[in-house]
Amino acid sequence: MRLPPEAAGDSSPFDERGAVAEIPLLELQHVTVVRGGRNVLDDFSLVVRHREHVAIVGPNGAGKSTLLKLLSRELYPVPSPATVCRILGKDRWNVFALRAGLGIVSNDIAAWLDGNATAGDVVLSGFFSSASLETHHTVTAAMRDGAANAMARLGIERLARRSIGSLSSGELRRTTIARALATSPRALVFDEPTTSLDIGARREVRDAMRDLARGGVSIVLVTHLLEEIVPEIERVVLLAGGRAIADGLKSDVLTAERLSALFGVPVDVDVRDGYYDVR
């Protein structure tokens, strides 16, 4: 199988099994993003492979929000000969096309959704990167199938005709996940997905992430909460001051010593049923 031109420059065309390697989902090398006169991402590098699950962990102000805006093409890196910023193998993207291949699940999405729209229409709106369906949107049968399948996969098909304003926080969060999933993206990027949810809703969202990871969707989790790192995520990157200060297996990275230094307070680490927590 011949690699597409975008794969040029990949370190090796073969993986450990001798098969042709997939184009990385994300390939960021020596990326610097300046906001407010300072480097919010500073010579940052990250490569995420197909079907790999990664958690990016950092405190407030570490650069997590800037990284998310970089992935959604709301921000761009400072150009330099060493800088590589490829998403799904491409340097340049039509933003609307990018959102079909890389689904971003952010708490910000719920803030601009139309509260009178039905959950089914909100999921369909993901095909148009809009807050709801508009009269000029042409919905195809394939889109309806994709939305229905995504809602069924999240166990929320019963919500299809209910208004967004009537949903619980957990139901709304799963609806936004279904919205990102409907276009069959290669990866989902989660931005602190359980923030503001109660105990039951947090568990539902984590279970949904686990099902998606086991089903072949790559998961990139950006968070400061260790409890959001589901057992299927094996790789963890620690982010501080806009730089990746550690990158490896979570058993090696999520240690009391590293986390105490990252968050600036002494912590102990507990592990239970594959989940990590600090106290």
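Residues numbered from 1 in each chain as written. Predicted model: local features only at pLDDT ≥ 70, side-chain atom pairs only at ≥ 80, totals over all residues. Heavy atoms only, no water.

Undergrad: Looking at this structure, I do not really get the pattern of salt bridges. What am I missing?
TA: Pairing between side chains of opposite charge can happen when their charged atoms approach one another. The full count for this structure, using the stated rule, is 16 salt bridges. Measuring nitrogen to oxygen at the nearest pair gives 2.8 Å for the salt bridge that ties Arg279 to Asp270. Arg279 gets classed as exposed once you look at its relative accessible area, which sits at 61%. Overlapping salt bridges bring together Arg210, Asp211, Arg214 and Glu232 as one network. (Salt bridge = Lys/Arg side-chain N within 4 Å of Asp/Glu carboxyl O. Buried < 20%, exposed > 50% of the residue type's maximum accessible area, 1.4 Å probe, protein only.)

Undergrad: Whenever I open this one, the nonpolar core confuses me. Can you help?
TA: Most often, soluble globular proteins have nonpolar side chains that are buried together. The biggest cluster of nonpolar side chains holds 52 residues, and the ones touching the most others in it are Phe190, Ile229 and Leu238. For this core, the element with the most residues is helix α7 (residues 199-214), which contributes six residues. Once residues lying within four places of it in the same chain are set aside, the contact partners of Ile229 are Ala55, Val57, Leu221, Val236, Leu254, Gly274 and Tyr275. (Core = buried A, V, L, I, M, F, W, Y, C linked by side-chain atoms within 4.5 Å. Helix = DSSP H or I, 4+ residues; strand = E, 2+ residues; numbered from the N terminus. Contact = heavy atoms within 4.5 Å.)

Undergrad: What exactly am I supposed to notice about the packing of helix α6 (residues 169-181) against α7 here?
TA: A packed helix pair is summarised by two numbers, namely the angle formed by the two axes and the spacing between the axes. Contact pair α6 / α7: the axes reach a minimum separation of 9 Å and the direction vectors enclose 20 degrees. By the angle class used here, α6 and α7 are roughly parallel. In the crossing of α6 with α7, the sense of the turn from one axis to the other is right-handed. Listed contacts from α7 to Gly170, Arg173, Arg174, Ile177 and Leu181 of α6 are Ala201, Glu204, Val205 and Leu212. (Axes fitted to C-alpha atoms, helices over the stretch in contact; angles between N-to-C directions. Parallel < 35°, antiparallel > 145°, perpendicular 65-115°, else oblique. Left-handed = near helix turned anticlockwise from the far one by under 90°.)

Undergrad: I tried to follow the packing of aromatic side chains on my own but got confused; where do I start?
TA: Aromatic ring pairs are described here by two measures, namely the spacing of the ring centres and the angle between the planes. Considering all chains together, one arrives at zero aromatic pairs under this definition. In this arrangement the basic side chain of Lys90 is found over the ring face of Trp93, its NZ or CZ atom lying 4.2 Å from the centre. The cationic tip of Arg206 hangs over the ring face of Tyr275; the distance from NZ or CZ to the ring centre is 5.4 Å. (Phe/Tyr/Trp six-rings, centres within 6.5 Å; stacked < 30°, edge-to-face > 60°. Lys NZ or Arg CZ within 6 Å of the ring centre and 35° of its normal.)

Undergrad: Just to check I follow, could you spell out the sheet that holds strand β4 (residues 84-87) for this structure?
TA: Adjacent strands of a sheet form backbone hydrogen bonds with each other and so pair up, either parallel or antiparallel. If you walk across this open sheet you meet the three strands as β2-β1-β4, and the pairing is antiparallel. In the strand order of this sheet, the two ends are held by β2 (38-48) and β4, each with one partner. Averaged over all pairs of adjacent strands, the angle between their axes in this sheet comes to 35 degrees, without regard to strand direction. Pairing analysis gives seven bridges linking strand β1 (residues 26-35) to β2, with the strands arranged antiparallel. In the strand pairing of β2, Leu26 is matched with Val48. Along the sheet face, helix α1 (residues 64-71) touches β1, β2 and β4 and points at about 120 degrees away from the line of β1. (Pairing = 2+ DSSP bridges.)

Undergrad: Teacher, can you tell me more about the sheet that holds strand β5 (residues 102-105) here?
TA: Taken in spatial order, the six strands make up an open sheet running β5-β6-β7-β3-β8-β9, and their pairing is mixed. A single partner strand is all that each edge strand has here, and the edge strands are β5 and β9 (243-249). Neighbouring strand axes in the sheet, compared pairwise and without regard to direction, differ in orientation by 15 degrees on average. Sheet topology note: the β5/strand β6 (residues 187-191) ladder contains four bridges and is parallel.

Undergrad: Just checking my understanding: could you explain the confidence of the model for the protein for this structure?
TA: Low-confidence regions, as indicated by low pLDDT, have predicted coordinates that should not be scrutinised in detail. Across the protein, the average pLDDT comes to 89, with 92% of residues at or above 70. Here residues 1-21 scores under 50 on pLDDT; set against residues more than four positions off or in separate chains, the count is 23 contacts. (pLDDT = per-residue confidence, 0-100.)

Undergrad: Would you mind showing me how to read the pairing of strand β11 (residues 275-278) here?
TA: For a regular strand, the rule is simple: side chains alternate between the two faces of the sheet. As judged from the four bridges shared by strand β10 (residues 269-272) and β11, these two strands associate in the antiparallel manner. Residue pairing in the sheet places Val271 in a bridge with Tyr276 of β11. The turn joining β10 and β11, which pair antiparallel and follow one another in sequence, is formed by two residues; a positive phi near 55 degrees is taken by Asp273.

Undergrad: Is there a simple way to think about α1 in this case?
TA: With six of eight residues buried, α1 lies mostly within the body of the structure. Taken as a whole, α1 has its buried residues at Lys64, Thr66, Leu67, Leu68, Leu70 and Leu71.

Undergrad: Help me out: how do you make sense of unusual backbone geometry in this one?
TA: Excluding glycine, residues mostly carry a negative phi; peptide bonds, for their part, are mostly trans. Phi is positive for Arg73, close to 65 degrees, though the residue is something other than glycine. Along the chain, Arg73 falls in the loop between α1 and β4. Note on Arg73: relative accessible area 7%, which makes it buried. If you check the backbone angles, Glu192 has positive phi at about 40 degrees while not being a glycine. Relative to the helices and strands, Glu192 is located in the loop between β6 and α7. Judged by relative accessible area, which is 13%, Glu192 ranks as buried.

Undergrad: Explain the pairing of β6 to me, please; I cannot follow it from the model alone.
TA: Among the five residues in β6, five count as buried, and that is most of the element. Covered by surrounding structure in β6 are Ala187, Val189 and Asp191 together with Leu188 and Phe190, the residues of both alternating faces. Pairing between β6 and strand β7 (residues 218-223): five bridges, direction parallel. Across the sheet, residue Phe190 finds its bridge partner in β7, namely Leu221. Assessed by its sense of winding, the connection that carries the chain from β6 through α7 to β7 is right-handed. (Right-handed = clockwise from strand over helix to strand, strands pointing away.)

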